[in-house]
Structure formats: C-alpha cells, structure tokens
Amino acid sequence: MSSCISLADCPSLSLQRYFFLDKGILKYGKCSADIEKGKLHGCIDVGLSVMAIKKKAKCIDLDAEENIYHLKIKSQELFDEWVSKLRHHRLYRQNEIAMYPNEKSLFYPHYASPNSPAKVAAWLQSSDEMDKCFKDLSVCEAYLLELNHLLQSMEVIHRTYSAPSIQALQASTFDSPKKEKRLPKKWRTKNYNKDVKTTLQVPSCISSGSIRLHASNPNLSTAALSNDKADPESLDSPFDVAKLQEDFCRVATNLHTTMKAALSTLTSERERLKQCLDHETLDEAHPLVHQVSNESRASIAESLSEFFDAQEVLLSASSSENEVSEDDSYISDISDNISMDNFSNETESSVEEGTVLYRRRSCLPTPSPSNTSISLWNILRNNIGKDLSKVAMPVQLNEPLNTLQRLCEELEYSELLDRAANTQDPFERMIYIATFVVSGYASSYYRTGGKPFNPVLGETYECDRPDKGLRFVAEQVSHHPPISACHAESKNFVFWQDVRCKNKFWGKSMEIVPVGTTHVTLPGFGDHYEWNKVTSCIHNILSGQRWIEHYGEITIRNSSSDICQCKITFIKMSRCGSLNGAIEGTITNNKGKVIHRLFGKWHEAVFCGDPPSATCIWRANAMPVDHEQYYGFTKFAIELNELDPSLKLLLPPTDTRLRVDQRLLEEGKLEAAEEHKQRIEQLQRDRRRVLDENNATHQPKFFRKAQDDTWVSNNTYWELRKDPGFAHVDFPTLW
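Model, not experiment: these values are computed from the prediction.

Engineer: Would you mind going over the overall build of the chain with me for this structure?
Structural biologist: In terms of regular secondary structure, the chain is built from 18 helices and 29 strands. When burial is assessed residue by residue, the chain has 49% of its 735 residues classed as buried. Accessible surface, the chain: about 35800 Å² in total, of which carbon and sulfur atoms supply 51%.

Engineer: Sorry, what's going on with helix α2 (residues 76-99) here?
Structural biologist: Because an α-helix completes one turn every 3.6 residues, residues spaced three or four positions apart along the sequence face the same direction. Counted at 1.5 Å a residue, the expected span for α2 with its 24 residues is 34 Å, and the 35 Å between its end C-alpha atoms agrees. Regarding α2, the residues found buried are Leu78, Phe79, Trp82, Val83, Leu86, His89, Arg90, Arg93, Gln94, Ile97 and Ala98. For α2, the N-terminal capping position is held by Ser75, with its side-chain oxygen 3.3 Å away from the main-chain nitrogen of Glu77.

Engineer: Is there a simple way to explain the packing of aromatic side chains in this structure?
Structural biologist: In this description, an aromatic ring pair is defined by two values, namely the gap between the centres and the angle between the planes. In the structure shown here, the tally under the stated rule is 18 aromatic pairs. Here Tyr28 and Tyr69 contribute two aromatic rings whose centre-to-centre distance is 6.3 Å and whose plane-to-plane angle is 75°, an arrangement assigned as edge-to-face. Of this pair, Tyr28 sits in strand β3 (residues 25-29) while Tyr69 is found in strand β7 (residues 68-72), placing the two residues 41 residues apart along the sequence. The same class applies to Tyr28 and to Tyr69, which are both buried. Sitting over the face of the ring of Phe525, Arg429 holds its NZ or CZ atom 3.9 Å from the ring centroid. Cation over ring: Lys701 sits above Phe731, and NZ or CZ is 6.0 Å from the ring centre.

Engineer: How do you make sense of the pairing of strand β21 (residues 535-539) when you look at a structure like this?
Structural biologist: Each regular strand carries side chains that alternate between the two faces of the sheet. Counting buried positions over the five residues of β21 gives five, a clear majority of the element. Taking every second residue as pointing to the same face, both faces of β21 are buried, with Thr535, Cys537 and His539 on one and Ser536 and Ile538 on the other. Strand direction decides the pairing type here: β21 and strand β22 (residues 547-558), joined by five bridges, are antiparallel. Counted as the bridge partner of Ile538 is Ile548 from β22.

Engineer: Is there a simple way to explain the UniProt feature "coiled-coil region" (unreviewed entry) in the chain in this structure?
Structural biologist: If you check UniProt for "coiled-coil region" (unreviewed entry), the listed places come out as residues 666-693 in our numbering. For the annotated span residues 666-693, helix accounts for 89% and strand for 0% of the residues, and the straight-line distance between the end C-alpha atoms is 36 Å.

Engineer: I tried to follow the state of the cysteines on my own but got confused; where do I start?
Structural biologist: A disulfide bridge is the covalent bond that connects two cysteines by way of their sulfur atoms. If you walk through the whole model with that rule in mind, you get zero disulfides. You can see Cys608 has no disulfide; the closest cysteine sulfur is in Cys566, sitting 9.8 Å from it. Residue classification places Cys608 among the buried residues on the basis of a relative accessible area of 12%.

Engineer: Just checking my understanding: could you explain the nonpolar core for this structure?
Structural biologist: Nonpolar side chains tend toward joint burial in soluble globular proteins. Core analysis: the largest hydrophobic core is formed by 80 residues, its most contacted members being Ile433, Phe472, Trp531, Ile554, Ile556, Ile568 and Phe570. A total of nine residues in this core trace back to one element, the largest contributor, which is helix α13 (residues 426-439). In contact with Ile433, not counting residues within four places along its chain, are Leu417, Ala420, Val520, Leu522, Tyr529, Trp531 and Ile556. One finds Leu62, Leu71, Leu78 and Leu86 within the second-largest nonpolar core, a separate group that totals 18 residues.

Reading guide: rules and limits
- Residues numbered from 1 in each chain as written.
- Predicted model: local features only at pLDDT ≥ 70, side-chain atom pairs only at ≥ 80, totals over all residues.
- Heavy atoms only, no water.
- Helix = DSSP H or I, 4+ residues; strand = E, 2+ residues; numbered from the N terminus.
- Buried < 20%, exposed > 50% of the residue type's maximum accessible area, 1.4 Å probe, protein only.
- Areas by Shrake-Rupley, 256 points an atom, 1.4 Å probe, with all protein chains shown as cover.
- Expected span 1.5 Å × (residues − 1).
- Polar contact = N/O pair within 3.5 Å; in protein donor to acceptor, adjacent residues only side chain to side chain.
- Phe/Tyr/Trp six-rings, centres within 6.5 Å; stacked < 30°, edge-to-face > 60°.
- Lys NZ or Arg CZ within 6 Å of the ring centre and 35° of its normal.
- Pairing = 2+ DSSP bridges.
- UniProt positions renumbered as here; feature names shortened; annotations may be inferred.
- Disulfide = S-S within 2.5 Å.
- Core = buried A, V, L, I, M, F, W, Y, C linked by side-chain atoms within 4.5 Å.
- Contact = heavy atoms within 4.5 Å.

Right under this line is the structure:
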C-alpha cells in the first residue's frame, strides 16, 4: 500500500520536495532519485502522529512529537488526494501497531550522504577496538559450539540419569522457530488489550521503548575445572555427569564474559560513529518543521479512537490567528571538550534595605501537586491549532508564578548587562549582550510541568532587588490580545519589552511563538540594542517525559551604531539528541567580517572563541536541591513570589503577590485555589462587559502606547510608590 506524490509548495524551505508514502511512513527528499537511493531528508510515522487538516488553507499539520510538520499544497485536487492517502495509510499503520505492539520500528532509514561511506571507512580504519570486537565474537562462536557439544553429551546421559532442567534448557535454546513465534504472539495480544485501556495515545510499549521477554535460567556455578572433553559413550557414572555440568558452567561463564566485552566495545564505537556523522547529518537534513501559514484556517483534528480517544472535530476559521515562519535548518560544530574560564553568577542571598537585613527564602512552602488525574486530552482535543491562552485550564496545571514574573526571570543574570556597561570595546560589549539574551532561556529547562498564570487585565508586578542593583515593574496592558509590558532599570542599563505570545497546541506538542522586540540601552555608551525572540516548543504534552526546546535565529542590532551586529542560532535538536540545547552565534563588523564566535548550550553555558581554547562567558547557576519536586524553579524563581510583611504595605493592590488563587496554589490548597481562580476570571469578564457597555477602553496605570504601537513605561510607578500602597491611585478590584 503506497503512493508517490510530488508536493509543489513547501513554504518552510521555499523549495520543492518529493514525498513518498509507504505503508504509513511518509518519506521525503529533494527528488525521486534521492528517495530511491535512500538519501532522505526525513520520514514521519503517520500512524503515531496527530494529523490536523486545514481545508481552506490546503494545509496538513502532522505533530510527530519531536517535530511538527506543516505541509502546504497549492492544488485542491492534489490536496484532496493527499488527505485521502494519508488517512488510509494512517489507519493501516495504526492497525499494524495494534497487531504487533512489541515490534521495534525499523522503517527509519540511514540518512546517508555522498560522504558517508568515506567517513565510515575512515572510522573503521582508525578503530583497533573493532578488530578486538571481531576476535571476541569469534571466540564466542567457539564457545557456542562447545556448549552445543556438551548439551549433546548431556542428552546421552539423560537416557540413564534424569535431568529435566537441562532438557528444558536445551529445548528453549534449540527449539524450532515455530515454537518461538507462538509465545510472543499470545503475549502481544494480551499486552495490547491492556495498553488500550491505560493510555490515551499509543500502546505503552511504543511510547516507552521496547519491552523484552526474559526466560529464566538456572543458577549455574562459576567453578572452572579441566578443559578435557567428555566422551558421550563413556559417561556412565555420577562423576561424569557432574563433570559435564561443571564444564558447561565454565564455558557458559566464559561466553558471558566475552560477550559483555564485545557489547561494551560496540557501544563505545557506536558513540564514536554517531559523533563522526553528526555534523554531516545536520548538513544534509532540512526537515519540514515549524512552518506556519499566515492564512485563516479551518482545522479537522482526526485520530483513531483506540489510540487517542478522540473524535474528528471541526474548528472554526476564526480560531486561528496570524503566525510567523521559522526555518530551523542549521549547521553546527559544537564541541563540549573545551577548557573553561569559570564565570560565577552567584549572588548573595542576604539583602540590605536601609538598616533592615533579611534573608530571602530558599524553598517553596509546599511541593508541586500531582496532576496525573487530569485528562489533558479531554481538555485539549477540541483546541488543536488554537491559541491556548484563551483556553481555561485547571489550577493544577499551573505553577505559582505568572507571566509578568516570568518576564522578570529573564533578568536573573543581569550582571552580564553590568559587565557590558563597563566594557569599552563595542565588540566585547556585544559578547555580553548576546550572552545575556541566551541566559534568559536557561530557567525554562526544568519548567515543563506547569504553565504560568495568565495575568488579568491591569495586574502588576514589581521586583526591587538592591542586591542586583535593579528594579523591575510589569503590567498586563491588554487582554485581547494578551500583552504584557515590563521595564527594568539600574545605574548601568535600561531594559524593556512588551510580549505577545501565541501558544498553539498541535496534538502532541505545544508551540510558543513570541511576537515583539526586546530593548536594552547602555546610557554610558549611548548604545540601544534590539532583538527578537525564538520559538519554543514543549514536547510530549499528553504522555511521556515532557521536554522543551527553543529554535530559530535571534538578530541583535545596535540601533545607535552599525559598527557591529550579532546573530545567534538556537539549533533544533538532532535526531540522536546530541545537539539538545545547542546554540552558536557570530559577531560581525559592518563589513560582515566575523570578529567573535559564540557557542554553547542555552541551559548550561556560553563560550567565546574556538575550541579548545574558548573562554566561558557565562554558566547557569546550580539548581536547588529537590527542584523537580518544586515546579523546577531556580533559586531566583523561588524568590519572585515571596511576600515579606514589610513589603506588603508598599505594594499596589494589583500586585501579583496579592493574587489569591496563585498564593493558595503555592501553599498547596488546590480546591480553594481553583475556586478563587474561577471567581477572579469571572470578575475580569464582568469588568470587560461594563467597559463594552459604556464604549470605554482600559487605560493602563504605568505604561503608555508609543508611536510604533509598542508599550513603554510612563515612568510614574516608583514615584507613586512613595505613598504606601499607592494610596492616591484608583485601582479596579481584581480579586
């Protein structure tokens, strides 16, 4: 069952791609000749993917968990043919999985390139370990022959002396293939029926790896005696039987030791080969991922009920919004074997304000709750392709921080901006600015378990940190669309941005697409840096271990001077996972010449230079003890929602620290948190209705709209704060 169609419009690459659909596996390459030669850019298991069809836009979305593929087709006739073929192949593949849940997938090809044979040959020639492995395997073959000889001898003895356990061992080792096939078949059927009842997506053996069947073996002695071979015709005493058993144990032990050595060699050599081919794989593979169309679209989410417990749902065209395009085909030569000049980011936990000295908390009041009882699929099944910021979620899926506080987290490593402000060379200043940009993503690595609270319109948050030499304020300035604005300042820099994120659920993964520009000025030099943000994606939303990646390109420009600019690439994870979190960047002059090179991982460290002499510019702080049990928060994140009694008197009533539902979640009071969350959301709807009835609009307190339609501070917050509790400001009742 196969079909072969050339897809004429592939917007993520702006190139034509040739697709081949074979037994539920969608393969693609540059042309049909490449497909025949096995030179594939990628392949997708349609049976394990969530498929959404946009009829009006003639677009097919396939969420394959690790990647999200968006296929755009110009011709209506070709689109209809694709939809029909994909549905048939998807059903075929899912039935195949149901019948053989324990079969390991073997359909993924080797992503070969013209240089692959040469690289493999060079690897083989440079590896003495493989010669040793071949010798070990030859020895194993000799041991197996000897074991076979011993078993035949023991079979002769069995006619006189009873040895049922040995007979059973011989039968299980040398039985005919027919007997071996029957047992796995029975086991498969039983296991699959069980899996269907316990998972919403796919049989657990598919999503959690291969399951192995183990046969019990006798506890054999490791005693090693004579190497003399026994003659079956002369074995007529109990001593001969014991000697045969001892010989069997000796040979079996030697076989086991030799096979372990061979396995160890193969494992290490496999890693060597994988590293050898890593860069080439990146050069050759340009997967069709993360391309989003700018058209209004209608969606049909289809899936097989026994795998996803979902019906086909028609979504209205108004549910989709404008999106942006990302192309994540990158080349990397990252190496972790480098010398490092460690750069400490730790800050003191004691803070002095005037004559008052207090210590910030180091742990949350209660661990994060379990949300295993919540069926995410039932919540999200009708929202494929929608902006999830508009979808109500149970409070158990939240973390006790909100989006305004998340913006403040980007300043965790603000000392990098301080260093930039004290660096004379403009190219070196750009190094610190670029590293600061990367460091803003570090806290997200362990934060896939919960989502931040959505701020209500008019909600604010302040963070005054004398220990870091900065103060920060944020406000929710718009609800439809949701826009959060923030402003931070210190003696060395000014930082501001407004964030308009679109969260899209694709069936297995959720994409966060930020829109807007972030700004930093260094008054000492008159520099004004601007940059965009990359796309983020959380994988395994519904089952399995969740993980997050960021991908795309960030361009940093100094609008006050064209002397240099920087481009940072967040590299999408490779197929073998070796490039997870990798970044690389270049700082160039106004003629395009590369002055500095950056590389590293966004959740670990950033280096400048070329390996092995590169210098470590920044390294992420160590995570707190038991961070997995406390929402994956960093030390800085733990401090963000802390409410000191003396601070409470100074805050406006709209500050996030005073939000009841978020505080109750932090304290582990889930039922009360859910009740107040619904009440607060209803209050917001009531205020919105009053504004609509009076033909009025909400006016933010501390931010104003600039000429370029962005939101900037009106510079009134800290002056008004001098009146405790902002006594002379009229605030709406938010909670």
